[in-house]
Amino acid sequence: DSVEVQKAEHARGLDAQLHQQTALLMQRHKANLEFLRDKCEQQKRHTYAAIDQQTMKSELDLQAKHSEQLLMLSQACKQRKFHLEQQAGALEMEYNARKVQEELMAQDYEVHRRYFEASTLTDLSMEA
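About the criteria used
Residues numbered from 1 in each chain as written. Predicted model: local features only at pLDDT ≥ 70, side-chain atom pairs only at ≥ 80, totals over all residues. Heavy atoms only, no water. Helix = DSSP H or I, 4+ residues; strand = E, 2+ residues; numbered from the N terminus. Rg over C-alpha atoms; globule rule 2.2 N^0.38 Å. Buried < 20%, exposed > 50% of the residue type's maximum accessible area, 1.4 Å probe, protein only. Salt bridge = Lys/Arg side-chain N within 4 Å of Asp/Glu carboxyl O.

Participant: Any chance you could explain the overall build of the protein chain here in plain terms?
Facilitator: A count of helices and strands for the protein chain gives one helix and zero strands. At 54 Å, the protein chain has a C-alpha radius of gyration far larger than the 14 Å of a compact globule built from 128 residues. When the backbone C-alpha atoms are referred to their principal axes, the protein chain occupies close to 185 × 15 × 5 Å. Across the 128 residues in the protein chain, those meeting the buried criterion constitute 0%.

Quick look at the structure:
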């Protein structure tokens, strides 16, 4: 009978030890899982931060390129306007010079016409 009691106590001790070791193993497993998940979440945060940083850098680079292109376009437009204004001024001066020249030619014509008429009338009255 005492053997049976010792056997039962020993079996209970083994069961208690198994239960305790199983609980301890489960606790370690949960701690390892939590550590692993936290580590993965931290890696995700680092990766997302690196991606965000690269995105911001790319956006800044793109904005700088856009600003540079806008500046170049604006400068080209101003230069083109300047050249057009110069051409318009030159054409206006040429027009005014030709207008004055035409007016002078018209006056010369009128003077010559009057002279011709006067000399024709003088010749006719002398002949008569």
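Participant: Which parts of the structure should I look at to understand the pattern of salt bridges?
Facilitator: Where charged atoms of side chains with opposite charge meet at close range, the side chains can pair. Tallying each qualifying case throughout the model produces six salt bridges. Among the salt bridges present, the one from Lys44 reaches Glu41, with a minimum N-O distance of 3.2 Å. Residue Lys44 and its partner Glu41 are located together in helix H1 (residues 2-127), separated by three residues, close to a single helical turn. Here Glu110 makes a salt bridge to Arg113, at a shortest N to O gap of 2.2 Å. In this pair, Glu110 and Arg113 are both assigned in helix H1, three residues apart and thus about one turn of the helix distant. The structure contains a network of salt bridges with shared partners spanning Glu110, Arg113, Arg114 and Glu117.

Participant: Please clarify how the environment of Tyr95 should be interpreted in this entry.
Facilitator: Here Tyr95 lies in helix H1. Its relative accessible area of 54% is what places Tyr95 among the exposed residues. Along the chain, Tyr95 and Ala64 lie 31 residues apart, while their C-alpha atoms are 46 Å from each other.

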